[in-house]
Amino acid sequence: MTSLIELKDISKTYYIGGKIPVYALKNASLSIEAGEFVAIMGSSGSGKSTLLAILGLLDRVESGKYHLLGKDISNFSDSEGARLRNHFFGFVFQSFNLLARLDIVANTMLPFVYANGNGEEGRKRALDVLKRVGLGDRLKHKTNEISGGQQQRVALARALATSPLVILADEPTGNLDTKSAQEIISFFKEINQQGNTVIMVTHEPNLAKEASRIITLSDGGIVSDQKIREVPKRSLPPLTEPKKKRHNLFAFSRLANYFHEAYISIFTNKLRSFLSILGVVIGVAAVIAMLAIGTGAQKQIEKTFASLGSNVLMVRSSSRAHGISLGADSATRFNFTDLEALKKIEGVKAVVPYVNGRAQSVYQNKNWNTTVYGTSPDYQNVRDSVPNSGRFFSESDMNTKAKVAVLGTAVVKELFGGEDPLGKWVKINRINFKVIGVLPEKGMSGFRNADDQIIIPLTTGMYRLLGEDYIGSFDIQAQSADDLTQIQDAVAPLILKLHRLPASQLENIEVRNMADIQKAAGDMINTFSLLLGAIAVVSLLVGGIGIMNIMLVMVMERTHEIGLRKALGAENSDILTQFLMESVLICLFGGVIGIFLGWLIAALMATFAGWNAYVSMGSIILAFTFSVVVGVVFGIWPAKQASRLQPIEALRYE
Ligand code: ADP
Ligand code: MG
């Protein structure tokens, strides 16, 4: 008949400082039958814990053979080990090893997280065993709200929950008073009588005598093996490997457990978690703000240029800007000859002349300082500004230098409030003008309010109001976009010729295409966005390093817990997933806060600049993806470190 466990010539050597050998086990051979209650005794350092760890597959043998139910499992892989531990062994430790964050039921259910099956089954079973160890009335308690004896009973319940073949206990009463110790031993006896195999390390001879067999170790060797009582022979089926776990990430109970764990570990350390996500918050906020402001600015530019009319070239003399005095020399100042000549260029649809200046406008007791433009009736067509009420001025108004004005809506609001301005008289620089029309509303144009202006006939502006003899600038509208370049090239040479100026003056006549200006502005916005994007990337990177740092600390702090989880059957991938999920969750929190912050920044900046911020769905999805990617990229290394820990080493870590 095959034994439950058979060890043959097992050795285990530790090397202190990597050099000096310590022979923790030397050629130990041992076989244990199903149903036995074995006490392992021996002085401190004799190898008891080492033997128990090898029995429970928490540690690997270095030489010798381990047969479990007749099958050689001496060279188990990490995940085989995890499955066998989960399925066949239940562990009870001297220091209880409960997770303080979880309540009693959750602690008891822990092995089920790593077993096949659903969470409901595990919960039912956990409640059963907790009742059985006498804790039925303490289910809602946290582990720090019960006594040491009760804590060890929870640990016992956890070991029993999955109905393992063998219970392994390393000095389970070492931290307990005599009475609690007696109770625990009674439980061991009881479950042994119900058929469980129990292997227990103990110091106390009076506890050991409750066992059916006492094995004594000394210096890594078995020095005595004494049967106290016969146990009924039980036959067990040969080992069938526990089924490979379905590695379905969406196995609900496991996922829920990881999620819950992550949530708890983030919220038990609020300040630390917050500080570690700050980088991600800033990065995501930058991404959101960048996209919102960039899109807003782009839309604003489009709107502005749409209001300026299409297929339009702007002509002005730039000599003043270049500091070349032309005040006395009228050669490059535009006049009516130029206007007529420009109209004759092929492909030109209309030419609109301008003079402009600041003016004080007065109606009754109201005062308003605004810009006055003198122009021609073509203005209303080229600039898409046919008045909504009243009319624009006509050619005959131009010819008679009529004192008529068309007001922008902002001016109307300032001077007239709710009153109808049509037909009223306003004083512009102390000259009386009759209001004949109101311009359609245009809104903000860059940093200028396009509605804050008064339009009057060009001639009136030049000779009566501003006292200028020259035209300031022109808008030239082409018949089609195809004509623009050709017209653009023709304008400056034509004006030079009319003014008899040398070719060297060519650069003083500026002819600009609106589309070019729009493109230049768009390029500027793009550069600006790119800059913000770079800030976003840098802060995400810094944030990621922050996350990695905090994850490494977390792994270190929880090494012991990782050991426990592995003892209960967690595979490397389980640990990896858990820590990765924690990292991703932290980053997602950062992402959500970042999205709000970014939106706020965009809204504030937009208010100051006077345009709208557009926080699009796309940018939110992008920010979310970013945070997840940061979580995965920077969490994977610490998570990998955690998952690679050997169970026995992790458990030994304090
Ligand atoms: P016991 O549980 O009987 O007190 P152990 O099995 O823990 O003894 O240890 C047996 C021997 O192996 C001791 O001499 C101990 O110092 C040594 N030992 C145990 N674990 C390690 C380790 N990780 N590194 C070095 N030596 C170890
Ligand atoms: Mg020990």
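Residues numbered from 1 in each chain as written. Chains lettered and ligands numbered in written order. Predicted model: local features only at pLDDT ≥ 70, side-chain atom pairs only at ≥ 80, totals over all residues. Heavy atoms only, no water.

1. Quick word on the overall build of the protein
Argument step 1. The secondary structure content of the protein amounts to 20 helices and 22 strands.
Argument step 2. For the protein, whose C-alpha radius of gyration is 44 Å, the value lies well above the compact-globule estimate of 26 Å for 654 residues.
Argument step 3. Its C-alpha atoms put the protein at 130 × 55 × 40 Å along the principal axes.
Argument step 4. Here the protein holds 654 residues, and 52% of them are scored as buried. (Helix = DSSP H or I, 4+ residues; strand = E, 2+ residues; numbered from the N terminus. Rg over C-alpha atoms; globule rule 2.2 N^0.38 Å. Buried < 20%, exposed > 50% of the residue type's maximum accessible area, 1.4 Å probe, protein only.)

2. What about the domain arrangement of the protein?
Argument step 1. In terms of domains, the protein is made up of domain 1 (5-238), domain 2 (260-302 + 520-651) and domain 3 (325-500).
Argument step 2. Computed over C-alpha atoms, the centres of domain 1 and domain 3 are 96 Å apart. (Domains from an automatic or database assignment.)

3. Observations concerning the sheet that holds strand β2 (residues 20-32)
Argument step 1. On the basis of which strands lie adjacent, the open sheet formed by four strands has the order β2-β1-β4-β5 and antiparallel pairing. Since the sheet does not close on itself, it has two edges, and those belong to β2 and β5 (71-72), each with one partner.
Argument step 2. Alignment of strand β1 (residues 5-16) against β2, held across nine bridges, turns out to be antiparallel. Residue pairing across strands places Lys12 opposite Leu25, the latter belonging to β2. (Pairing = 2+ DSSP bridges.)

4. Looking at the nonpolar core
Argument step 1. Core analysis: the largest hydrophobic core is formed by 79 residues, its most contacted members being Ile5, Ile40, Leu55, Tyr66, Leu68, Phe89 and Ile199.
Argument step 2. Considering each element in turn, this core owes the most residues, eight residues, to helix α18 (residues 572-609).
Argument step 3. When neighbours within four sequence positions are excluded, Leu55 is seen to be in contact with Ile5, Leu7, Ile40, Tyr66, Phe89, Leu168 and Ile199.
Argument step 4. Membership of the second largest hydrophobic core comes to 37 residues, among which are Ala39, Val105, Val154 and Ala169. (Core = buried A, V, L, I, M, F, W, Y, C linked by side-chain atoms within 4.5 Å. Contact = heavy atoms within 4.5 Å.)

5. Examining the pattern of salt bridges
Argument step 1. In this structure the tally under the stated criterion is 22 salt bridges.
Argument step 2. With a shortest N-O distance of 3.3 Å, Lys12 and Asp59 are connected by a salt bridge. Within this pair, whereas Lys12 is found in strand β1, its partner Asp59 is found in the loop between α1 (48-55) and β4 (63-68), the two being separated by 47 residues in sequence. For the pair Lys12 and Asp59, one class covers both residues: buried.
Argument step 3. Taking the shortest distance from any N to any O, the salt bridge between Arg153 and Glu183 comes out at 3.7 Å. On the criterion of sequence distance, the pair formed by Arg153 in helix α5 (residues 148-161) and Glu183 in helix α6 (residues 178-193) is long-range, its members being 30 residues apart.
Argument step 4. Given the relative accessible area of 15%, Arg153 is considered buried.
Argument step 5. Several salt bridges converge on common partners, so that one network encompasses Arg101, Arg558, Glu561, Arg565 and Glu582. (Salt bridge = Lys/Arg side-chain N within 4 Å of Asp/Glu carboxyl O.)

6. Some words on the sheet that holds strand β8 (residues 197-201)
Argument step 1. Pairing within the open sheet is mixed, and its six strands lie in the order β6-β7-β8-β3-β9-β10. Each of the sheet's edge strands pairs with one partner strand only, and the pair in question is β6 (89-92) and β10 (221-227). With strand direction ignored, the average angle separating the axes of adjacent strands in the sheet is 15°.
Argument step 2. Here strand β9 (residues 213-218) runs beside β10; their pairing, made up of six bridges, is antiparallel. By the bridge assignment for β10, Ser218 is matched with Gly221.
Argument step 3. The strands that α5 touches are β6 and β7 (166-170); relative to β6, the one it contacts most, it runs at about 170°.
Argument step 4. Packing of α6 onto the sheet brings it into contact with β3 (37-42), β6, β7 and β8, and relative to β8 it is tilted by some 150°. (Axes fitted to C-alpha atoms, helices over the stretch in contact; angles between N-to-C directions.)

7. Regarding the packing of aromatic side chains
Argument step 1. With the rule as written, the count across this model stands at eleven aromatic pairs.
Argument step 2. With a centroid separation of 4.8 Å and 35° between ring planes, the pair formed by Tyr263 and Phe267 is classed as tilted. Here Tyr263 pairs with Phe267, and both are found in helix α8 (residues 252-267), just four residues apart, close to one helical turn.
Argument step 3. By relative accessible area, Tyr263 is classed as partly exposed at 40%.
Argument step 4. Residue Phe267 is classed as partly exposed on the basis of its relative accessible area of 32%. (Phe/Tyr/Trp six-rings, centres within 6.5 Å; stacked < 30°, edge-to-face > 60°.)

8. Some details on the site of ligand 1
Argument step 1. Neighbouring residues of ligand 1: Tyr14, Val22, Ala24, Ser43, Ser44, Gly45, Ser46, Gly47, Lys48, Ser49, Thr50 and Arg652.
Argument step 2. Between ligand 1 and the protein, one listed contact pairs an oxygen atom with a backbone N or O atom of Lys48 at 2.9 Å.
Argument step 3. When ligand 1 sits alone it has 550 Å² of accessible area, and the protein chains cover 68% of it.
Argument step 4. Secondary structure elements with two or more residues in the shell around ligand 1: β2 and α1.
Argument step 5. Take the shell around ligand 1: its biggest share by element is three residues, from α1.
Argument step 6. For the shell around ligand 1, the class distribution of residues is three nonpolar, seven polar and two charged. (Near = heavy atom within 4 Å. Polar contact = N/O pair within 3.5 Å; in protein donor to acceptor, adjacent residues only side chain to side chain. Areas by Shrake-Rupley, 256 points an atom, 1.4 Å probe, with all protein chains shown as cover. Nonpolar A, V, L, I, M, F, W, Y, C, P; charged D, E, K, R; others polar.)

9. Some words on unusual backbone geometry
Argument step 1. Here the phi dihedral of Leu69 falls at roughly 50°; this positive angle occurs in a residue that is not glycine.
Argument step 2. Mapped onto the secondary structure, Leu69 falls in the loop between β4 and β5.
Argument step 3. Residue Leu69 is classed as buried on the basis of its relative accessible area, which comes to 7%.
Argument step 4. Positive phi is not limited to glycine here, since Asn429 has a value of about 45°.
Argument step 5. For Asn429, the location among the structural elements is in the loop between β16 (425-428) and β17 (431-438).

10. Points about helix α3 (residues 104-113)
Argument step 1. Of all ten residues making up α3, nine are buried, and the element is well covered by its neighbours.
Argument step 2. When we look at burial in α3, the residues that qualify are Ile104, Val105, Asn107, Thr108, Met109, Leu110, Pro111, Phe112 and Val113.
Argument step 3. The opening residue of α3 is Asp103, an N-cap whose side-chain oxygen sits 3.3 Å from the backbone nitrogen of Val105.

11. Description of the side chain of Glu210
Argument step 1. Take Glu210: it is sitting in the loop between α7 (205-208) and β9.
Argument step 2. Ignoring sequence-local partners within four residues, the contact set of Glu210 consists of Phe37, Gln182, Ile185, Lys189 and Arg229.

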